[in-house]
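Structure assessment
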Amino acid sequence: MTEAILLVGGKGTRLRPLTVHTPKPMVPAAGVPFLTHQLARARAAGVDHIVLATSYLAEVFEPHFGDGSELGLHIEYVTEEEPLGTGGAIRNVASRLHSGPDEPVLVFNGDILTGLDIRALVDTHESTGADVSLHLTKVTDPRAYGLVPTDETGRVLAFLEKPQTPEEIITDQINAGAYVFRRSVIDTIPRDRPVSVERETFPQLLAAGAHLQGLVDSTYWLDLGTPAAFVRGSADLVLGRAPSPAVPGRCGDRLILPTARVAPDAKLTGGTVVGEGAFVAEGVRVFGSTILPGAVIEPGAVITDSLIGTRARVGRRSVLTGTVVGDGAVVGADNELRDGVRVWCDARIPAGSVRFSSDQ
């Protein structure tokens, strides 16, 4: 079966402070590092050899996943000394691939949660004789993405980076971050310098007359690049809206990891996750949120669509909506945090310091 490259070297700057101590693919989603879901889905599709292209906090990956045998995989690790971009990272790991020149190699971005039918993408690649095949998805507002128009057979016609005017938006199809490369095409990517597949490799291949094929698969797809998206993706995994064989428990309204403690009258809904060793006290209400390992939620707190970092603490009666609390941070009692607030790692917010409503 096809082998795969997973691009997991990004710094995850849009996710900070979640990524201050943890590389983006290792931030827990539905109780396990997000990367676990990608590895498990690849394995379920028949992949057995995966090369991780690492860079930022590269030392974190191998101690966790080892040789991959617990997931039924053979995992290898290649670390970039300097960031090389998507194309450069793919070229940098080419020596670890076992495929022949005409065999397919899967490539995944490490921050996409998707229900893509991986086998269908490989089958499309092989049946069309493409040099590169791309997973495409349709979005309602494509301005933040690269557009990929295709003809009636699915053959790619152009790559249009982040259009801003209505005239530039000629399709709602975007590059969804999963590819199948003919092995020999990977060897044409320049070595030892930054290369973007989106801005350099794909347009140059198209200009040279190569066959680039698109497969539109509009099942579940979410770019987990922002805290709000990451929290939503984790909740969707717990709720079963996003498919993954790696969710450690049955899908439902909540997921409580084995060593977590939750008061009997606490109400957890909307795909909420409570991590290992975390404590949720009496009277707490949590909706659609992630409580990471070792965090403490004190009595009467209300948390919605938020992420509470490892060993962080939320004080009594505090109300958090759309908030990220970094690892080790403390939000004192009777605070009210809303809509995009990020509390940095190990920060301290004294009791009653921040409010959006009156104190009555």
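These figures come from a predicted structure and were not determined experimentally.

**Details of the overall build of the protein chain**
Counting secondary structure elements, the protein chain contains seven helices and 30 strands. By the compact-globule yardstick of 21 Å for 360 residues, the protein chain fits well, its C-alpha radius of gyration being 22 Å. Over its C-alpha atoms, taken along the principal directions, the protein chain stretches across nearly 70 × 50 × 35 Å. Within the protein chain, buried positions represent 56% of all 360 residues. Put simply, 51% of the contacts in the protein chain that link residues at least 6 apart link residues at least 24 apart. When the accessible surface of the protein chain is summed, it comes to about 15100 Å², and 50% of that surface belongs to carbon and sulfur atoms.

**A look at helix α4 (residues 118-128)**
Within α4 the residues assigned to the buried category are Ile-118, Leu-121, Val-122, Thr-124 and His-125. End-on view of α4: buried residues confined to an arc of 160 degrees, all on one side of the axis. Close packing links the buried residues of α4 with α1 (34-44), β6 (104-109), β8 (132-138), β11 (173-182) and β12 (212-216). Its side-chain oxygen at 3.2 Å from the backbone nitrogen of Arg-119, Asp-117 defines the N-terminal cap of α4. Where α4 ends, the next residue or the one after it, Gly-129, has phi of about 70 degrees, a positive value.

**Let's talk about the packing of aromatic side chains**
How two aromatic rings sit relative to each other is given by the distance of their centres and the angle of their planes. With the rule as written, the count across this model stands at six aromatic pairs. For the pair Tyr-145 and Trp-221, a centre-to-centre distance of 5.7 Å together with 70 degrees between the ring planes defines the contact as edge-to-face. Linking Tyr-145 in the loop between β8 and β9 (146-147) with Trp-221 in strand β13 (residues 221-223), this pair joins segments that are 76 residues apart in sequence. Looking at Trp-221, the relative accessible area reads 15%, which means it is buried. Aromatic side chains Tyr-179 and Phe-202 sit 5.2 Å apart centroid to centroid with 70 degrees between the ring planes, which places their arrangement in the edge-to-face category. Of this pair, Tyr-179 sits in strand β11 while Phe-202 sits in helix α6 (residues 197-207), placing them 23 residues apart in sequence. Pair check on accessibility: Tyr-179 and Phe-202 agree, each one buried.

Definitions and cut-offs
- For every chain, the first residue of the written sequence is number 1, and numbering continues from 1 along that sequence.
- The predicted nature of this model means local features are confined to residues of pLDDT at least 70 and side-chain atom pairs, given and counted, to a pLDDT of 80 or more, with totals for whole chains, interfaces and linings taken over all residues.
- Remark: hydrogens and water are excluded; side-chain values derive from all non-hydrogen atoms of the structure.
- Labels follow the DSSP assignment, with helices taken as runs of H or I lasting at least four residues and strands as runs of E lasting at least two, numbered in each case from the N terminus.
- In this setup the radius of gyration rests on C-alpha atoms only. A globule is expected at 2.2 Å times the number of residues raised to 0.38.
- Think of it in three bands: with a 1.4 Å probe and only protein chains considered, a residue is buried below 20% of the maximum accessible area for its type, exposed above 50%, and partly exposed in between.
- In this description, contact between two residues means that some pair of their heavy atoms is separated by no more than 4.5 Å.
- A 1.4 Å probe and the Shrake-Rupley method give the accessible areas. Residues count as covered only by the protein chains that appear here.
- Taking the helix axis as origin, the arc is that swept by the directions to the C-beta atoms.
- Polar contact is the term for a pair of N or O atoms within 3.5 Å; when the atoms are in protein, one must be able to donate a hydrogen and the other to accept it, and sequence-neighboring residues count only if both atoms are side-chain atoms.
- Note on ring pairs: Phe, Tyr and Trp rings are taken, using the six-membered ring of Trp, and paired if centres are within 6.5 Å. Classes follow the plane angle, with under 30 degrees stacked, over 60 edge-to-face and the rest tilted.

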